[in-house]
Amino acid sequence: METIIKTESLTKIYNPLSLNPKLALDQVSLDVKEGEFIAIMGKSGSGKTTLLNILSTIDDLTKGKLFIYGKNIYEMSETERAHFRKENIGFIFQNFNLLDTLTVNENIILPLKLAGKIIDEEDFKQIIKDLEIDDLLDKYPFECSGGQSQRVAVARTLVMHPKIIFADEPTGNLDSENTENIIHLLENLNRSTGQTIIMVTHDNELAKRCNKRVELSDGKIVKVSL
Ligand code: ADP
Ligand code: MG
């Protein structure tokens, strides 16, 4: 399979000019192939979120290179990068990041609206049916359980059909039944559409179900297992 993400000596220093610069990623070199489902593991503070944010182009790097689909992300202008992100990248957060003043329906279609895309009704219906959230569309996030909220957040990502999905501990706030639902869903998605998924998890059992495990310690990759 084709390599779609490649980093070369990716280094991230927070507050580089301060008295307390923080080396969060230390020369990370990583390849992600098309269609892979990768688990990023490691203790709290090891750099997992930092890595995910940089790979997904949400945050910028300090040194090194990032290529996605062969393009050097930091040779793009901010406008090009925003366009690239919109076309290729989806993100699922641990705390769902739904907007409380919008209904479930409005939350799901928000990224489409922001991207100026037309809503494909058939596609929308299929996604909410698959996620079993058809009954929630007029509710507000505070009326939804954790498991429901995460399914809504997944729907909001899926309507954009991103080629690459990043998930930062997507089941970190869920009980075991809802965790299984979400992971099963991501697995199915990965198998059926070939979307590439990169997921941060603390959970060894979940990580075992991925194609590849990348373990971070103090900002370095210390182990990659297939
Ligand atoms: P993880 O997700 O594995 O828990 P993070 O990537 O969030 O780790 O953080 C890696 C290290 O960088 C930690 O020591 C954390 O305290 C530090 N860090 C994270 N974000 C910032 C920031 N915005 N400013 C300064 N230090 C940060
Ligand atoms: Mg984190």
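My aim in this report is to walk through the structure given alongside it, one point at a time. These numbers were taken from a predicted model, which means no experiment stands behind them.

1. What about the overall build of the chain?
Secondary structure assignment for the chain yields 7 helices and 10 strands. For 226 residues, the compact-globule estimate of 2.2 N^0.38 gives 17 Å, and the chain sits close to it at 18 Å. If you line up the chain on its principal axes, its C-alpha atoms span 50 × 40 × 40 Å. Of all intrachain contacts in the chain linking residues separated by at least 6 positions in sequence, the fraction that spans at least 24 positions is 71%. For the chain, the accessible area works out to roughly 11,500 Å², and carbon and sulfur atoms hold 49% of it. Within the chain, the 34 negative side-chain charges are centred at a point lying 6 Å from the centre of the 27 positive side-chain charges.

2. What to know about helix α6 (residues 176-193)
Taking 1.5 Å per residue as the helical rise, α6 with its 18 residues ought to reach 26 Å, and the 25 Å between its terminal C-alpha atoms agrees with that figure. All of the buried residues in α6 are Asn-178, Thr-179, Ile-182, Ile-183, Leu-185, Leu-186, Glu-187, Leu-189 and Asn-190. Elements in contact with the buried residues of α6: β3 (37-41), β6 (89-92), α5 (146-158), β7 (164-168), β8 (196-200) and α7 (204-208). Immediately beyond the C-terminal end of α6, within one or two residues, lies Gly-194, with a positive phi of roughly 70°.

3. Some thoughts on the site of ligand 1
Near ligand 1 you find Tyr-14, Asn-15, Lys-22, Ala-24, Lys-43, Ser-44, Gly-45, Ser-46, Gly-47, Lys-48, Thr-49 and Thr-50, and these make up its full shell. Lys-22 places a polar side-chain atom, nitrogen or oxygen, 3.4 Å from an oxygen atom of ligand 1. Interatomic distance of 2.9 Å between a side-chain N/O atom of Thr-49 and an oxygen atom of ligand 1. The fraction of the free accessible surface of ligand 1 (560 Å²) that becomes covered by protein chains is 63%. Of all elements in the fold, only β2 (22-33) and α1 (48-55) reach the threshold of two or more residues within the shell around ligand 1. Ranked by residues supplied to the shell around ligand 1, first place goes to α1 with 3 residues. Of the residues contributing to the shell around ligand 1, the split by class is 2 nonpolar, 7 polar and 3 charged.

4. Side note on the sheet that holds strand β5 (residues 71-72)
Reading across from one edge, β2-β1-β4-β5 is the order of the 4 strands in this open sheet, with antiparallel pairing throughout. Edge strands, defined here as strands with exactly one partner in the open sheet, are β2 and β5.

5. Some thoughts on the pairing of β7
Counting buried positions along β7 gives 5 out of 5 residues, so the element sits mostly inside the fold. By the alternation rule, side chains of β7 split into Ile-164, Phe-166 and Asp-168 and Ile-165 and Ala-167, which are all buried. Of the pairings in the sheet, the one linking β6 to β7 comprises 4 bridges and is parallel in character. In the sheet register, Gly-90 faces β7, and the bridge partner there is Ile-165. Across 5 bridges, β7 lies against β8 in parallel orientation. Looking across to β8, one finds that Ala-167 is bridged to Met-199.

Thresholds, definitions, all that
Residues numbered from 1 in each chain as written. Chains lettered and ligands numbered in written order. Predicted model: local features only at pLDDT ≥ 70, side-chain atom pairs only at ≥ 80, totals over all residues. Heavy atoms only, no water. Helix = DSSP H or I, 4+ residues; strand = E, 2+ residues; numbered from the N terminus. Rg over C-alpha atoms; globule rule 2.2 N^0.38 Å. Contact = heavy atoms within 4.5 Å. Areas by Shrake-Rupley, 256 points an atom, 1.4 Å probe, with all protein chains shown as cover. Lys, Arg positive; Asp, Glu negative; His and termini not counted. Charge placed at Lys NZ, Arg CZ, Asp CG, Glu CD. Expected span 1.5 Å × (residues − 1). Buried < 20%, exposed > 50% of the residue type's maximum accessible area, 1.4 Å probe, protein only. Near = heavy atom within 4 Å. Polar contact = N/O pair within 3.5 Å; in protein donor to acceptor, adjacent residues only side chain to side chain. Nonpolar A, V, L, I, M, F, W, Y, C, P; charged D, E, K, R; others polar. Pairing = 2+ DSSP bridges.

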